[in-house]
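# Survey of secondary and tertiary structure
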Amino acid sequence: MKQLIEDFNQIYRSYASSQCTDYTFEESNNLGKAGTLQHLTLHGINGFVLPNILIKDDSSIFEKAHAPELLKKDCDGIFLTERAGEKFIYICELKSTYSTQQITKAKEQIVGSCLKLHSLMSLLQAYQAEEWQVRGIIASFAPTPEQEAAILRLKEQNDPAANFCYNLQRDGIYHMPETNCKSYYVPLNVPELLFYYVRVPYQTEDFEIDFNQLIS
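Described in the following lines is the structure provided in the data block.

### Focus: a negative patch on the surface
A surface patch of like charges, here negative, comprises Asp 22, Asp 206, Glu 208 and Asp 210. Of the residues forming the negative patch, the biggest block, 3 residues, is contributed by strand 8 (residues 206-210). Position of Asp 206 among the secondary structure elements: in strand 8.

### Focus: helix 6 (residues 160-171)
Look at helix 6: 16 Å from first C-alpha to last across 12 residues, which is about the 16 Å you get at 1.5 Å a residue. Turning to helix 6, its buried residues are Ala 162, Phe 164, Cys 165, Asn 167, Leu 168 and Gln 169. If you follow the buried residues of helix 6, they end up packed against helix 4 (100-121), strand 5 (132-141), helix 5 (145-156), strand 6 (173-176) and strand 7 (193-200). Two residues or fewer after helix 6 comes Gly 172, characterised by a positive phi angle close to 80 degrees.

### Some points on helix 5
Counted at 1.5 Å a residue, the expected span for helix 5 with its 12 residues is 16 Å, and the 16 Å between its end C-alpha atoms agrees. Positioned one or two residues after helix 5, Asn 158 has a phi angle of 65 degrees, which is positive.

### Description of the environment of Lys 73
When you line up the elements, Lys 73 lands in the loop between helix 3 (59-64) and strand 3 (77-83). Apart from the residues within four sequence positions on either side, Lys 73 is in contact with Ile 55, Ser 59, Glu 108, Gln 109, Ser 113 and Lys 116.

### Brief notes about unusual backbone geometry
Cis geometry marks the peptide bond from Val 186 to Pro 187; its omega dihedral reads 10 degrees. Within the secondary structure layout, Pro 187 lies in the loop between helix 7 (178-184) and strand 7. Notably, His 66 is not glycine yet its phi reads approximately 55 degrees, a positive angle. Along the chain, the position of His 66 falls in the loop between helix 3 and strand 3.

### Details of the pattern of salt bridges
Evaluation of the coordinates by the stated rule reveals 7 salt bridges. When the shortest N-O distance is used, the salt bridge between Asp 74 and Lys 56 registers 3.2 Å. Remark: Lys 56 occurs in helix 2 (residues 53-57) and Asp 74 occurs in the loop between helix 3 and strand 3; sequence separation between them is 18 residues. Between Asp 171 and Arg 170 there is a salt bridge, with the nearest N and O atoms lying 2.9 Å from each other.

### A closer look at the nonpolar core
Counting 46 residues, the largest nonpolar core has Leu 80, Met 121, Leu 168 and Phe 195 as its most contacted members. Looking at this core, the element that brings in the most residues is helix 4, giving 9 residues. The residues contacting Met 121, other than those within four sequence positions of it, are Leu 4, Phe 8, Leu 50, Leu 80 and Tyr 127. Listed in part, the 24 residues of the second largest apolar core include Phe 79, Tyr 90, Leu 94 and Leu 214.

### What to know about the side chain of Gln 109
As for its placement among the helices and strands, Gln 109 is situated in helix 4. Contact partners of Gln 109, with chain neighbours within four places excluded, come to Lys 73, Asp 74, Glu 93 and Lys 95.

### Some words on the packing of aromatic side chains
Under the counting rule described, the total for this entry stands at 12 aromatic pairs. Between Phe 8 and Tyr 12 the ring centres are 5.0 Å apart and the planes differ by 45 degrees, which places this aromatic pair in the tilted class. The exposure class of Tyr 12 is buried, given its relative accessible area of 11%. Each ring, one from Phe 79 and one from Tyr 90, has its centre 5.0 Å from the other, and the planes form 10 degrees; the classification is stacked.

Quick notes on the rules
Residues numbered from 1 in each chain as written. Predicted model: local features only at pLDDT ≥ 70, side-chain atom pairs only at ≥ 80, totals over all residues. Heavy atoms only, no water. Patch = residues over 30% accessible without salt bridge, like charges linked within 9 Å, V, L, I, M, F, W, Y side chains within 5 Å. Areas by Shrake-Rupley, 256 points an atom, 1.4 Å probe, with all protein chains shown as cover. Salt bridge = Lys/Arg side-chain N within 4 Å of Asp/Glu carboxyl O. Lys, Arg positive; Asp, Glu negative; His and termini not counted. Charge placed at Lys NZ, Arg CZ, Asp CG, Glu CD. Helix = DSSP H or I, 4+ residues; strand = E, 2+ residues; numbered from the N terminus. Expected span 1.5 Å × (residues − 1). Buried < 20%, exposed > 50% of the residue type's maximum accessible area, 1.4 Å probe, protein only. Contact = heavy atoms within 4.5 Å. Core = buried A, V, L, I, M, F, W, Y, C linked by side-chain atoms within 4.5 Å. Phe/Tyr/Trp six-rings, centres within 6.5 Å; stacked < 30°, edge-to-face > 60°.

See the structure below:
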C-alpha cells in the first residue's frame, strides 16, 4: 500500500493523502446545524485518508456526459487500510435521518464514490483493483419507531430499498455479492460491497467509535 500512496500523492498532488490512526469525518452540509449528525470519529483506522473533495471534483465529467445520477454522487470520507495482509477501501457517509430515502441515498453515494475512486486509481501501476475489498460505512441517528414501521411496511411490499434499510439496521451489516451488484447496476462494473451501520444516539452531533469494534 505504501507504494500506491506514494504514486497517488505524486499524480494527484492537490489531493494528497494523509496517514492517520484516528480521523474525524464530517458532513459539511450539517455543520453548525443543531441536532444534526456533523462528525464521526473513527479510532484505530491505522490507514491513509483521501480527501473526499477528490470524488466531488471528479463528478464534473459525469455531469457533462449526462451520466446516471449514481456517477454524480460523492461521499463524506475515504480511507485505505490493511489488516492481516488484506487491503481495504472504506467509504463513509453520514446521515441524520434513518429513512428509506436517506439511507438508500447513502448507499448510492458509496457505490458511486467507489466507482469513481477505482477509475482514478486505475491510472496507477501500483493499483490492482482485485487486490482491494470495498467497504461502506453508513452512520445515522437510530431510526425512530415511526421510521422503523414505515420501513417495515415497504419491506412487506417487497421494496428492495426498504429491504436494504431494514436488514442494515437490524444486523449492523449488509453484504452485496459481486454478481448481484453487476446485475443491478449493469453496465457499470460494481464490485462486491459490504456495508457497516453506525447507530448514533438521536441528536448527537459528534460521535466517536472504535473502528475495530465496528468491523468485528
